[in-house]
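Listed below are the residues making up each chain.
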Amino acid sequence: MILADKIIRLRKMNGWSQEELAEKMNVSRQAVSKWEAAQTTPDLEKILRLGDLFGVSTDYLLKDEIENEQFTDSSLEKTGRCVTMEEANAYLEHRGWASWRIAAATFLCILAPIWLLMMGAVSQKPNSGMTDEFAVFFGLAVMFVFAAAAVAVYIYVGAKNGDYKYLEEENFELAYGVAGMVKDKQKKFRDTYVRSNIIGTCLCILAPVLLFIGSITKDEVAMVFFLSLMMVVAGVGVMFFIVAGVRWASMERLLQVGEFSEKGRKQSKLADSIGTAYWLVATAVYLGWSFMTNNWETTWIVWPVAGVLFAALMAVLNVVADKKED
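So, how was this worked out
Residues numbered from 1 in each chain as written. Predicted model: local features only at pLDDT ≥ 70, side-chain atom pairs only at ≥ 80, totals over all residues. Heavy atoms only, no water. Helix = DSSP H or I, 4+ residues; strand = E, 2+ residues; numbered from the N terminus. Buried < 20%, exposed > 50% of the residue type's maximum accessible area, 1.4 Å probe, protein only. Contact = heavy atoms within 4.5 Å. Areas by Shrake-Rupley, 256 points an atom, 1.4 Å probe, with all protein chains shown as cover. Core = buried A, V, L, I, M, F, W, Y, C linked by side-chain atoms within 4.5 Å. pLDDT = per-residue confidence, 0-100. Salt bridge = Lys/Arg side-chain N within 4 Å of Asp/Glu carboxyl O. Arc of directions from axis to C-beta.

Below, the discussion takes up the overall build of the protein chain. When you go through the protein chain residue by residue, the secondary structure sums to 14 helices and two strands. The proportion of buried residues among the 326 residues of the protein chain is 36%. Intrachain contacts of the protein chain at a sequence separation of at least 6 include 70% that bridge at least 24 residues. Approximately 19,100 Å² of the protein chain is accessible, and the part contributed by carbon and sulfur atoms is 63%.

Right under this line is the structure:
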């Protein structure tokens, strides 16, 4: 049996398409197609990688006279557990359940500062009957209640996710038919995913318009009201992103594609490290500027600017990482 036939056989044994094998090997689908058609032969580095990926010896791949698979001693360790159809369906259902709760908790975090802003603005009105101390106390109390509720939801969802921790921490394979089932669900969900991202993007882009309207009124309470309304609209947009994103990510995790592929995991670790450092610096800039100028009604602009710059930074990092892979 020649190498081309062995690659086809091993790929099908693992339930992978040519596209999936290509992604795991960090090559194009056309390259895999040519290997399987015996039009080209992978170089030695790729053959070693194939042996490691399939859990077979290089002798089996290179010697035509060896017909039966020769699995390496570490193949079982690399393969890990097998995810059944029942487990996959339960995981997808769980992540659908979790997506709404994660979105709701995030929405609570966005709403939390609104009460402090509104109370502060109202207390500045003549004859409001409200002292600055009471406004700050009440606003902070409500803000902390909202924050505590959000944290409680995050912890609860995290605890419920414990049964599926192995999908994040262990190597796993999908049982026969599971990959097809997940791909079918992903195909059906694609339109909803795209639509949710469009709605979320439009809401986040249009939300600042409310702030511009508030600035026209020249009334402090009205400005704070429109600022709060802007945060609500942006929060709803974020909810669309989260609900659709969590469900989509659960399917990609099972299929081990996108950010959950080997290449994606490497990029994700780099992005997490850079992201942590970036937002710590942004927070330091915001607090330093705010305390030095005591101009808190202006310094909030740090966050939308930081968000735009962060998106640009991540895009540049992805381009650089792709070039390195090439």
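Still to come is the rest of the account.
Turning our eyes to something else, we now look at the nonpolar core. One finds I102 and M230 to be the most contacted residues of the largest nonpolar core, which totals 22 residues. Elements represented by at least two residues in this core include exactly α7 (85-123), α8 (132-160), α10 (178-217) and α11 (220-255). Considering each element in turn, this core owes the most residues, eight residues, to α11. Among the nonpolar cores identified, the runner-up in size contains 20 residues, and V83, V182, A244 and L255 belong to it.

Right, let's talk about the confidence of the model for the protein chain for a bit. Per-residue pLDDT for the protein chain averages 81, and the proportion of residues at 70 or more is 85%. Per-residue pLDDT, averaged within each element of the protein chain, yields its smallest value for helix α6 (residues 75-79) (45) and its largest for helix α3 (residues 29-36) (91). Note on residues 73-79: pLDDT is under 50 here. Beyond four places in sequence and across chains, it has seven contacts.

On inspection of all chains with the given rule, the structure shows five salt bridges. Residue E36 pairs with R11 through a salt bridge whose shortest N-O separation is 2.5 Å. Taken together, the residues span a long stretch of sequence, with E36 in helix α3 and R11 in helix α1 (residues 3-13) at a distance of 25 residues. Accessibility assignment for this pair places E36 and R11 in one class, buried. The residue E20 makes a salt bridge to K183 at a minimum N-O spacing of 3.2 Å. With E20 in helix α2 (residues 18-25) and K183 in helix α10, this pair connects stretches of sequence that are 163 residues apart. Residue K183 is classed as partly exposed on the basis of its relative accessible area of 33%.

Moving on, we get to helix α4 (residues 44-54). Along an α-helix, residues three or four positions apart point the same way, because every turn accommodates 3.6 residues. If you check which residues of α4 are buried, you get I47, L50, G51, L53 and F54. Down the axis of α4, the buried side of the element spans an arc of 165°, and every buried residue falls inside it. For α4, the exposed residues set more than 90 degrees away from the buried face come down to L44 and E45. Buried-residue contacts for α4 involve α1, α2, α3 and α5 (58-62). Backbone geometry just downstream of α4 places G55 in the positive-phi region, at approximately 75°.

Okay, the environment of Y154 next. Mapped onto the fold, Y154 is located in helix α8. According to the relative accessible area criterion, Y154 is partly exposed, its value standing at 33%. C-alpha of Y154 to C-alpha of A103: the two residues are 51 residues apart in sequence and 9.8 Å apart in space. Filtering out sequence-adjacent residues up to four positions away, Y154 remains in contact with I102, A105, T106 and C109.

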